[in-house]
Amino acid sequence: RKAGFVMACMTFDEAYLSNSSEKLGLQIAVKDVEGKFAFATTGFPREALAAWKGTSEPASHGDKSWALREFEPHIFAGDKNRFNVIAALDVTEIKGVVRRNVMTAAAILLITSLAAVFVGTRVAQIMGTALARINFALRKLEKDEYVHVRGVKTGDEIEDLATGFNTMVDGLRERDKLGRVGAVVVDG
């Protein structure tokens, strides 16, 4: 048996980059290790690349922001000719969307916080008023004045406490009435 191989070549030029750029939706450039551009699509942001620090943070130039990524494809690796590919994606609209979403989230958080403070303040006022009425009736009871706690409608344990207090006052009033009747019968 004889062994053989097939070699296929592909032209890598500006036309290929332009076609790839349209299909991928980004701008592409190829530069050598010395930093000279071999090819670049017409919309490639060379100025933004100059301002780019090689981080994941977008680079800005003018009114546009670009996400840039540089890499060395293995097909370009070699001893003599080393090239890097730089892909640039226009993220200006994405940045605006993110900014709007952050502002919307901040507004929702602010409105929710204000509503929570309002509701919390209102609940605290209702509870404070109810407890003040119970405290007032308790002070009157200490002076043997049997008054009911009125208007406590909180729908929770404080309302139960006021109802229990009123029941206790009724019981004490009844006991004192029976005590007076018993004293009259014994004396009479």
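Computed from a predicted model, the values in this text were never measured in an experiment.

## Digging into the overall build of the protein chain
- Tallying secondary structure elements over the protein chain gives four helices and five strands in all.
- Taken from the N to the C terminus, the helices and strands of the protein chain come in the order α-β-β-α-β-β-β-α-α.
- When contacts within the protein chain are restricted to residue pairs at least 6 apart in sequence, long-range pairs at least 24 apart make up 40% of them.
- When the accessible surface of the protein chain is summed, it comes to about 14200 Å², and 59% of that surface belongs to carbon and sulfur atoms.

## Quick word on the sheet that holds strand β4 (residues 64–71)
- An order of β2-β1-β5-β4-β3 is seen for the five strands of this open sheet, with the pairing classed as antiparallel. Looking at strand neighbours, the two that pair on one side only are β2 (37–40) and β3 (59–61), the edges of this open sheet. With strand direction ignored, the average angle separating the axes of adjacent strands in the sheet is 25 degrees.
- Both strand β1 (residues 27–32) and strand β5 (residues 83–90) contribute to a ladder of six bridges, which runs antiparallel. Its bridge partner being in β5, Gln-27 is matched across the sheet by Ala-88.
- Its contacts with the sheet put helix α1 (residues 14–24) on β1 and β2, and the angle it makes with β1 is roughly 140 degrees.

## Thoughts on the packing of aromatic side chains
- Tallying each qualifying case throughout the model produces one aromatic pair.
- Geometry around Phe-37 places Arg-46 over its ring, the cationic atom sitting 4.3 Å from the centre.

## What to know about helix α3 (residues 92–142)
- For α3, which comprises 51 residues, the first-to-last C-alpha distance of 74 Å matches the rise-based estimate of 75 Å (1.5 Å per residue) to within 8%.
- Residues of α3 that are buried include every one of Gly-96, Ala-130, Ile-134, Ala-137 and Leu-141, and no others.
- Asp-144 sits one or two positions beyond α3 and adopts a positive phi of about 60 degrees.

## A word on the pairing of β5
- Sheet topology note: the β4/β5 ladder contains six bridges and is antiparallel. Paired with Trp-66 across the strands is Asp-90, a residue of β5.

## Some thoughts on the pattern of salt bridges
- A complete count under the given rule lists six salt bridges for this structure.
- Among the salt bridges present, the one from Asp-90 reaches Lys-64, with a minimum N-O distance of 3.0 Å. One end of the pair, Asp-90, is in strand β5; the other, Lys-64, is in strand β4, and 26 residues separate them in sequence.
- Assessed through its relative accessible area of 35%, Lys-64 is described here as partly exposed.
- Measuring nitrogen to oxygen at the nearest pair gives 3.2 Å for the salt bridge that ties Lys-140 to Glu-145.
- The class for Lys-140 is partly exposed, based on a relative accessible area of 25%.

Calculation rules
- Residues numbered from 1 in each chain as written.
- Predicted model: local features only at pLDDT ≥ 70, side-chain atom pairs only at ≥ 80, totals over all residues.
- Heavy atoms only, no water.
- Helix = DSSP H or I, 4+ residues; strand = E, 2+ residues; numbered from the N terminus.
- Contact = heavy atoms within 4.5 Å.
- Areas by Shrake-Rupley, 256 points an atom, 1.4 Å probe, with all protein chains shown as cover.
- Pairing = 2+ DSSP bridges.
- Axes fitted to C-alpha atoms, helices over the stretch in contact; angles between N-to-C directions.
- Phe/Tyr/Trp six-rings, centres within 6.5 Å; stacked < 30°, edge-to-face > 60°.
- Lys NZ or Arg CZ within 6 Å of the ring centre and 35° of its normal.
- Expected span 1.5 Å × (residues − 1).
- Buried < 20%, exposed > 50% of the residue type's maximum accessible area, 1.4 Å probe, protein only.
- Salt bridge = Lys/Arg side-chain N within 4 Å of Asp/Glu carboxyl O.

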